[in-house]
Amino acid sequence: MGQINNKLAANAIVWLLLLTAPFWMHWVGGYTELGSRVLVMALAAMALNFLLGFTGVLSFGHAAYFGLGAYGAAMTIKYLVPSTPLAILVGVLVGTAAAAIIGTLIVKLRGVYFAMVTIAFGQVFYFITFRWNTVTGGDDGLTNWTRVPIDLGFTKLDILHNPELFYYFILFFFALSVALMTILLRSPFGRTLLAIRENERRARFLGIPVERHIWLSFTISCFFVSIAGALYALLNNFVDPRALYWGLSGNFVIMAVLGGMRSFWGPLVGAVIFVVLQDYVSSMTQNWESFIGLLFVLIVLFFPRGVLGIVRRKVAS
Amino acid sequence: MTQLILFNVFNGLIIGAFYALMALGLSLILNLSGVINFAHGGFLAIGGYLAYVLIPFVGFWGALLIAPFLTAFIGLVVERVLIRRLYGRDQLYSLLLTFGLAYIFEDGTRFIWGAQSVPYQVPDWLMQPLSVEYFFLTGYRVFMVILVGVAVAGLFLILNRTRLGMRIRAGTLDLETVSVLGVNVRILRTLNFGLGIYLAGLAGVLAAGMLGLSPTIGNSLIMPSFVAIIVGGLGSLPGTLLGGLLIGVASGLTTMFFPSASEAVIYIMMGIVLLVRPRGLLGEEGRF
C-alpha cells in the first residue's frame, strides 16, 4: 500500500513541477526555452528507454529518427503548408516509416551487434541530409522558416512569439506521449516486452513471437522519438544534420542511464541534469566535449544504476 | 576512361585498406572482449599526432616504427585502468565508456594541436609519381598498400603461428575453457587490446600522410570500419579484411559516377548484405 502511495506522490510531484515550470524557472537561473529543451530531450530519452529499459534492446541510432522527424516537420512548413500540426504529423510519419523499414532488417540481431547496426544505419540519413543541399540546406541546415501560430477558430494560439505558450504546447505532446507509453507498458503487450527483456529464450519457448515484438517496440520507440524531433525543429525554428548525428544518439542513451533506465521517470531526471549541465558548461568553456566525455566515463564507473536506481535502493533498504 | 576507373579503384583500395586496418583492430577487441571500441578512431588520431610530434626528431621512418607502439601502450593503460572494470557487466556500459573516451580524445587533440589540419611531412621521394601515364601511382600510395599488406600478413601470422595468437583465437570461441586450462585471461585480454590499438596507431601514421591530420580524422573512419565488420561478417577476421576492401572500392567507384552518394553507398551495401545474408559475407551462422 505504501509503495502505491509513494508512486502516486512521485507522479503528482513530477506533473506539478512540469506544469508550473515557467513560473519558477527564472528563480533558479533558468529560462523558458531551456525548460522546453529539457522536455523535448526528456521525451526523446524516454522514447529510447521504451526500447532500452523496457525491452532490453540497445539502439545507438535513435538520433536518425529524431532528425527525420525534425526534417519532416521543417520541410513541411518550408515547402508544403505553413501549418504546425501538419508539420508534426508529417515529421512523425517520416520518422516512424523509416524506422519500420530499417527495423525489418535488424530485428534478428542482438546485443552489441544490434547497437552497431543501428548506429551505422543512422549514418545513411545523416549523409542524405548532409549532401542533398538543394533541398535540405546541407551542412548549413534548413533556415528561413518558423513555426506557425495555430488558429483554433475561436482563439488563436501564438506559439511563435509567446515562449510560455509554446512550452505548454510541448508539454501537451509530452503528456500525450507519456500517457500512451504508460498504457502500452501496462498492457499485456508491455508485459510481454518485459518478459523478453528478462529472459528472451523462455519467452520464445512460451510461443511469443519475439522478433515481431522487438520490431514493434523499435517502431513504437522511434514513433515517440520522431515526435520529440519534430518538436525540436519547431523549438529552434531551425534544423541541421547534427540532429541526426550519432553523437546525439549517445546523448539519449546517457540521459536514460544517468537518470536510471529501469525507472519510468529516469530518463526525465537524466535529461534535466544533462541539458542543464550542457547549457551551463558550454557557456563557461570551449571544451564542452571533453566534459561530456568525462561525464560518460564517470557515470559508467560510479553511477551505473542512475539517480533513480540509487534512490530506489535507498528507499528499499 | 580506363585510367580514371583504375584511379578510382586504386584510391578506393587505399581507403579500404585503412578501413580494414581499423576494422581488424576493432574486430579483435570485439571478438575476445565483447567491447565495441568507439574510441578506436581516437586512438588512430593519437597515432597520427604522435608521429607528427616524433618526425622532427626521428624522421618519418623512425616515427612509423615508434608511434604505433606508443599508441598501443596508451591503449594498454586505458584497458587496465578503465575498460577492464567493465568486463562481465552489461555491454551497454563498455559502449558508453568508449563513447565518452572518443569525445575526450577528439576534443583533447583539438585542444593541444588545434582544429586545423597540421602539415605532415612524408619523405619527398615517396611523393613522386612512379609513372607519367598513371599519375596517381605515387610511391607513397604503393608503399602504403604494401605496408598494410605486410601488417595484415603479420597479424594473421601472429594469430595462426604463435602461442599468443592461438590463445586469442581459442578465447574468442570459449574464453571460460581457455581460462580453466590455465591461461591468464586478464593478461590475454590486455595484450589483445594492445594489438588492436597498435593497428589503429599504424593506420593513423599512414592515413595522416594521405588524408591530412586533423582531430576528426579518426571519427570519420570509424563508421565505415563498423560497416566493414558487418559486411564481412562479425567474428571473422578474413571477412573484416574483405569487407573493408570491398566498401573502399565501392565508395571509390561511386565517387566517379555519383559523387554525392559516395558516403551513403557503403551503408546501402550494408543494408543489402543484412537483407540477403544477415551474418555477413564470411560470418559464421548463429554466433550473433
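Residues numbered from 1 in each chain as written. Chains lettered and ligands numbered in written order. Predicted model: local features only at pLDDT ≥ 70, side-chain atom pairs only at ≥ 80, totals over all residues. Heavy atoms only, no water.

## Structural notes on the overall build of chain A
Counting secondary structure elements, chain A contains 14 helices and two strands. With the C-alpha coordinates of chain A rotated into their principal frame, the extents come out at 55 × 45 × 45 Å. Residues counted as buried form 54% of the 317 residues belonging to chain A. A separation threshold of at least 6 residues defines the contact pool for chain A, and within that pool the share at least 24 residues apart is 76%. Of the roughly 14,100 Å² of accessible surface on chain A, 66% is carried by carbon and sulfur atoms. Positive and negative side-chain charges in chain A, numbering 21 and 12 respectively, have mean positions lying 16 Å apart. (Helix = DSSP H or I, 4+ residues; strand = E, 2+ residues; numbered from the N terminus. Buried < 20%, exposed > 50% of the residue type's maximum accessible area, 1.4 Å probe, protein only. Contact = heavy atoms within 4.5 Å. Areas by Shrake-Rupley, 256 points an atom, 1.4 Å probe, with all protein chains shown as cover. Lys, Arg positive; Asp, Glu negative; His and termini not counted. Charge placed at Lys NZ, Arg CZ, Asp CG, Glu CD.)

## Here's the deal with the nonpolar core
Counting 212 residues, the largest nonpolar core has Phe60, Tyr65, Phe174 and Phe252 of chain A as its most contacted members. Apart from the residues lying within four places of it in its own chain, the contact partners of Phe60 of chain A are Ala115, Thr118, Ile119, Ser249, Gly250 and Val253 of chain A together with Phe38, Leu95, Leu96 and Phe99 of chain B. (Core = buried A, V, L, I, M, F, W, Y, C linked by side-chain atoms within 4.5 Å.)

## Quick word on unusual backbone geometry
All names here are of chain A. In this model, Asn144 sits at a positive phi of 60°, which is unusual for a non-glycine residue. Here Asn144 lies in the loop between helix H6 (133–136) and strand E1 (150–151). The class of Asn144 is exposed, set by a relative accessible area of 72%. Phi at Asn237 takes a positive value of approximately 50°, unusual for a residue other than glycine.

## Points about the interface of chain B and chain A
Facing 43 residues of chain B, the contacting portion of chain A comprises 37 residues. Summed over the shared surface of chain B and chain A, the number is two salt bridges. Across the salt bridge formed by Glu289 of chain A and Arg110 of chain B, the nearest N and O atoms sit 3.6 Å from each other. There are seven residue pairs in polar contact (both at pLDDT 80 or more) connecting chain B and chain A. Elements supplying a minimum of two residues to the side of chain B that touches chain A: helix H3 (91–113), helix H9 (217–232) and helix H11 (264–276) of chain B. Per-element tally for the side of chain B that touches chain A: the top contributor is H3 of chain B, with 16 residues. (Salt bridge = Lys/Arg side-chain N within 4 Å of Asp/Glu carboxyl O. Polar contact = N/O pair within 3.5 Å; in protein donor to acceptor, adjacent residues only side chain to side chain.)

## Considerations on the side chain of Thr76 of chain A
Residues and elements named next belong to chain A. Here Thr76 shows up in helix H3 (residues 62–80). Reaching out from Thr76, the side chain makes a polar contact with the backbone oxygen of Gly72 at a distance of 2.6 Å. Those residues in contact with Thr76, other than ones at most four positions away along the chain, are Val81, Leu86, Ala87 and Val90.

## Remarks on the environment of Gln121 of chain B
Residues and elements named next belong to chain B. By secondary structure assignment, the location of Gln121 is in the loop between H3 and helix H4 (124–127). On a C-alpha basis, the gap between Gln121 and Gly59 in space is 9.1 Å, while along the polypeptide they are 62 residues apart. Once residues lying within four places of it in the same chain are set aside, the contact partners of Gln121 are Ile55 and Phe60.

## Side note on helix H4 (residues 84–106) of chain A
End to end, H4 of chain A covers 33 Å across 23 residues, agreeing with the expected 33 Å (1.5 Å per residue, within 8%). The opening residue of H4 of chain A is Ser83 of chain A, an N-cap whose side-chain oxygen sits 3.3 Å from the backbone nitrogen of Leu86 of chain A. (Expected span 1.5 Å × (residues − 1).)

## Here we look at the packing of aromatic side chains
All chains considered together, the criterion is met by 38 aromatic pairs over all chains. Aromatic side chains Phe60 of chain A and Phe99 of chain B sit 5.3 Å apart centroid to centroid with 65° between the ring planes, which places their arrangement in the edge-to-face category. Highlighted residues: Phe60 of chain A in the loop between helix H2 (32–52) and H3 and Phe99 of chain B in helix H3, drawn from two different chains. The exposure class assigned to Phe60 of chain A is buried, which follows from its relative accessible area of 1%. (Phe/Tyr/Trp six-rings, centres within 6.5 Å; stacked < 30°, edge-to-face > 60°.)

## Focus: the pattern of salt bridges
Any two side chains of opposite charge can pair, given that their charged atoms come close. All names here are of chain A. Evaluated as defined, the whole model comprises 11 salt bridges over all chains. Between Arg37 and Asp279 there is a salt bridge, with its nearest N and O atoms 3.6 Å apart. With Arg37 in helix H2 and Asp279 in helix H12 (residues 266–284), the pair connects residues that are 242 residues apart, well separated along the chain. Exposure remark for Arg37: the relative accessible area of 24% places this residue in the partly exposed category. Owing to a relative accessible area of 22%, Asp279 belongs among the partly exposed residues under this scheme. Arg110 is the partner of Glu200 in a salt bridge, and the nearest nitrogen-oxygen pair spans 2.9 Å.

## Focus: the environment of Glu284 of chain B
All names here are of chain B. If you trace the backbone, Glu284 turns up in the segment after H11. Residue Glu284 is classed as partly exposed on the basis of its relative accessible area of 42%. Counting along the chain gives 215 residues from Glu284 to Phe69, while the straight-line C-alpha distance between them is 32 Å.

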